[in-house]
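# Structural features, examined
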Amino acid sequence: MIKMNRWLKDFSSLLFPNLCNACTLPLFQGERVICTKCLYDLPYTDYHLHGENRVAKQLWGRISLNAAMSMLYFRKGSKVQNLIHNLKYNQKTDVGVFLGELLGGRLLLNETYTDIDLIIPVPLHHKKLRKRGYNQSTYIAEGLSKKMSIPYTENNLLRIKSTESQTHKNRYNRYENMKDVFKVADFEKIRTKHILLTDDVLTTGATLEACAVELLSQGASKISIATLAFAE
Ligand SMILES: [Zn+2]
């Protein structure tokens, strides 16, 4: 019977193979979400090992952060872009959990991330959430939470304004654009807490900065930032 089940499983995977979310080749048995070769070849930053990395430096002087890092370099047309695209637009939420776990494993190696109390994903505005059906960053938070044994919450930091794209704005306009976008619903739950903010790709950092400003103003004691990727 076990043999039969195995045979049926192999047969159905011939008809409907699970594909690697990075390179689209069929996954072998035992592989999940990303094939072994892609997993090995991804452009890792190793920023978890370096406090003074480019992501942290980009945010320096803007907000007081405990630490900041991204796990992967994001380049157009790359496997990382395929992964993020599948996570955000193709309902491949398991990509978020998988990469969140991978990210969590790295954070556990650096003691600056070991006293985190709570993980919070960057929220979407409710209109966007309704359109997409899910917040991709919540799945990253779920993976981080699993790996690090730290709780996450997606109901306390709210995005109360939808905003236009940040990319073509200068620093001052980006800041103005992001003012009062986020709001903490229950400050008791974040007061004196070290919070890890997470998102898929860090580009200008303005969104994460605005989240951190709101959390700190409502009594969080420390903010750290970890994203899946960093757009250079
Ligand atoms: Zn692959």
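Residues numbered from 1 in each chain as written. Predicted model: local features only at pLDDT ≥ 70, side-chain atom pairs only at ≥ 80, totals over all residues. Heavy atoms only, no water.

## A few points about the pairing of strand β6 (residues 222-231)
By the criterion of burial, β6 is predominantly enclosed, with nine of the 10 residues buried. Bridge count between strand β1 (residues 67-74) and β6: seven bridges; the pairing is parallel. Pairing of F74 across the sheet is with A231, part of β6. Relative to β6, strand β5 (residues 194-202) is paired through eight bridges, and the arrangement is parallel. (Buried < 20%, exposed > 50% of the residue type's maximum accessible area, 1.4 Å probe, protein only. Helix = DSSP H or I, 4+ residues; strand = E, 2+ residues; numbered from the N terminus. Pairing = 2+ DSSP bridges.)

## Some words on the coordination of the zinc ion
Donor atoms from the polypeptide that bind the zinc ion are C20 (SG), C23 (SG), C35 (SG) and C38 (SG), placed at 2.3 Å. Considering all four donor atoms around the zinc ion, the spread of angles at the metal, 103 to 117 degrees, places the coordination shape in the tetrahedral class. For the zinc ion, the donor residues sit on a single chain with the sequence spacing C-x2-C-x11-C-x2-C. (Donors = N, O, S within 2.8 Å, 3.2 Å for Na, K, Ca; no water. Tetrahedral: all angles 85-135°; square planar, octahedral: opposite > 155°, others 65-115°.)

## Some points on the pattern of salt bridges
Two side chains carrying opposite charge are able to pair once their charged atoms lie near each other. Under the criterion given, the structure shown has 10 salt bridges. Across the salt bridge formed by D200 and K88, the nearest N and O atoms sit 3.5 Å from each other. Placement of D200 in strand β5 and of K88 in helix α4 (residues 79-89) is noted, with a sequence separation of 112 residues between them. Like K88, D200 is buried. (Salt bridge = Lys/Arg side-chain N within 4 Å of Asp/Glu carboxyl O.)

## Section: the packing of aromatic side chains
Counting across every chain of the model gives three aromatic pairs. Ring geometry for Y47 and Y73: centres 6.0 Å apart, planes at 80 degrees, overall edge-to-face. Note that Y47 is positioned in the loop between α2 (36-41) and α3 (54-59) and Y73 in strand β1, a separation of 26 residues in sequence. Accessibility classification places Y47 together with Y73 in one group, the buried group. Seen from their ring centres, Y47 and F230 are 6.2 Å apart, and the 55 degrees between their planes marks the pair as tilted. In this pair, Y47 is assigned in the loop between α2 and α3 and F230 in strand β6, connecting sequence segments 183 residues apart. Classification of Y47 by relative accessible area gives buried; the value is 7%. Exposure remark for F230: the relative accessible area of 2% places this residue in the buried category. Here the aromatic residues Y47, Y73 and F230 are joined through ring pairs into a cluster of three or more. (Phe/Tyr/Trp six-rings, centres within 6.5 Å; stacked < 30°, edge-to-face > 60°.)

## Side note on helix α5 (residues 93-107)
The end-to-end C-alpha distance of α5, which contains 15 residues, comes to 21 Å, matching closely the 21 Å that a straight helix rising 1.5 Å per residue would cover. Buried residues in α5 make contact with α2, β1, α4, α7 (136-148), β5 and β6. (Expected span 1.5 Å × (residues − 1). Contact = heavy atoms within 4.5 Å.)

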